[in-house]
Structures are given as structure tokens and as C-alpha cells.
Amino acid sequence: METISSIAKRLNVTNGRIYQIIKEIPADKQPKKDAKGKYNFTKESVEAIERYYNSSSSPKTDIESDLVKQLRVDLEDAKAEIKAKNNQIDKFQQLLDQQQQLNLSTNRQNEKLLDTTTSNNPSQDDNPSQNDDTDVLKSTEGNEVKTSKKGLFGWLRR
């Protein structure tokens, strides 16, 4: 004697799916219920359920395999795109490193030039006068207030 559970296990589906299939097969092939409300399966009703399941699952398999193929193609495209983006990132990182090295080299050269110009006998133009180092603000009492000049290359004078 067949049961819903045994048919479901054999077809590898849930009990609920068997109930759905029973409702969809023709009425003359459907199993009859006994007084307790349980299905009495005949050989004919079991075969009808199996036929319906096999015929309805085949097209889904084709569609699913097409879907899987498309997903694999999309995955490969995404992997190729990620690889290209990673190459771009590597190239930009290399360019950034080169730019930083060039900046550092230029700053060192500027410091050397500044040191050599200050160590040579400075002329009147090279030697900053007291008025160049400070701004003089005259107060009303005649006292001078001196503030440090801040310029673009003020950090080099340290």
C-alpha cells in the first residue's frame, strides 16, 4: 500500500507537491479517500502521479539548465571585469607611488638648493632684512608689535 510520504520520497519531492499533483491529474486517475480522509492509492493513480511529475519536471530542467548556463556566462564576464579593474587599480597605485617618489625627490632638491644658497655668501637680496621677517604694526602709543610673516615657503626657513 502506497502513501503520500512513500511516493514523495521516491520522486524526491515534498508531500505538499504530491497533494498538488493529485489535484492536477484527471479526476478518474486521482486516488480516492477512505472514511478517515486518507488516500487509497491504486496502481493506476500512482502511475498517473509519476507520469505527471515526469512530464512537468522535464521542461523545468531545460529552463534551469539554460539559466545555469547564462549564470555561468555572467559569472565569467564579471570575473573578467573584476580582473580588468584590479589591473587598473594596480596601474594607478604604481603611478601614485611614482608621483610620491618624484615629489619627495623634488622636495629634497629644493632643500639642498635652499641650503646651498643660504651657506654661500649671501648678498643683500638673499639675506632677508628684519622688515621681511616681520610685519610691523604701529600702535597708537608708538610701541611696535611684530608678527611673523607666513608665506608659501615659510616652512623652509625653519
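The rules behind these values
- Residues numbered from 1 in each chain as written.
- Predicted model: local features only at pLDDT ≥ 70, side-chain atom pairs only at ≥ 80, totals over all residues.
- Heavy atoms only, no water.
- Helix = DSSP H or I, 4+ residues; strand = E, 2+ residues; numbered from the N terminus.
- Contact = heavy atoms within 4.5 Å.
- Areas by Shrake-Rupley, 256 points an atom, 1.4 Å probe, with all protein chains shown as cover.
- Core = buried A, V, L, I, M, F, W, Y, C linked by side-chain atoms within 4.5 Å.
- Buried < 20%, exposed > 50% of the residue type's maximum accessible area, 1.4 Å probe, protein only.
- Salt bridge = Lys/Arg side-chain N within 4 Å of Asp/Glu carboxyl O.
- Lys, Arg positive; Asp, Glu negative; His and termini not counted.
- Arc of directions from axis to C-beta.
- Axes fitted to C-alpha atoms, helices over the stretch in contact; angles between N-to-C directions.
- Parallel < 35°, antiparallel > 145°, perpendicular 65-115°, else oblique.
- Nonpolar A, V, L, I, M, F, W, Y, C, P; charged D, E, K, R; others polar.

Student: Could you clarify how one ought to interpret the overall build of the protein chain in this entry?
Tutor: When helices and strands are tallied, the protein chain shows 4 helices and 4 strands. When the helices and strands of the protein chain are placed in sequence order, the string is α-α-β-β-α-α-β-β. Contacts spanning at least 24 positions in sequence make up 36% of the contacts within the protein chain whose residues lie at least 6 apart. Total accessible area on the protein chain stands at roughly 13500 Å², and carbon and sulfur atoms take up 51% of it.

Student: Would you take a moment to explain the nonpolar core for this structure?
Tutor: Nonpolar side chains tend toward joint burial in soluble globular proteins. Membership of the largest hydrophobic core comes to 14 residues, with the highest contact counts inside it found for I4, I7, L11, I18, I22, F41 and I49. Residue assignment for this core shows that the elements contributing at least two residues are helix 1 (4–11), helix 2 (15–24) and helix 3 (43–119). For I7, the contacting residues outside a window of four places in its chain are E2, I18, F41, V46 and I49.

Student: I would appreciate a short explanation of the pattern of salt bridges in the present structure.
Tutor: Two side chains carrying opposite charge are able to pair once their charged atoms lie near each other. In the structure shown here, the tally under the stated rule is 2 salt bridges. With its nearest N and O atoms 3.1 Å apart, the salt bridge here joins R10 to E50. Of the two residues, R10 sits in helix 1 while E50 sits in helix 3, which places them 40 residues apart along the sequence. Overall, R10 belongs to the partly exposed group, its relative accessible area being 44%. Several salt bridges converge on common partners, so that one network encompasses E2, R10 and E50.

Student: What is the right way to read the side chain of R17 from this model?
Tutor: Within the secondary structure, R17 is located in helix 2. Although R17 is buried, it makes no salt bridge; E24 carries the closest opposite charge, 4.4 Å away. Contacts of R17, omitting those with residues within four sequence positions, involve E24, Y52 and S56.

Student: Even after reading the chapter, I still don't get helix 1, so can you show me in this structure?
Tutor: Residue pairs spaced three or four apart in an α-helix point in one direction, given the helix's 3.6 residues per turn. Three or more residues of helix 1 are buried, namely I4, I7, A8 and L11. All buried residues of helix 1 project into a common sector of 100 degrees when viewed along the axis, lining one side.

Student: What is the right way to read the packing of helix 1 against helix 2 from this model?
Tutor: A packed helix pair is summarised by two numbers, namely the angle formed by the two axes and the spacing between the axes. For the pair helix 1 and helix 2, the least separation of the axes is 9 Å and the interaxial angle reads 100 degrees. Taken together, the axes of helix 1 and helix 2 lie roughly perpendicular to each other. On the side of helix 1, the interface is formed by I4, S5, I7, A8 and L11, while helix 2 contributes N15, I18, Y19 and I22. When grouped by side-chain class, the residues that make up the contact of helix 1 with helix 2 number 7 nonpolar, 2 polar and no charged.

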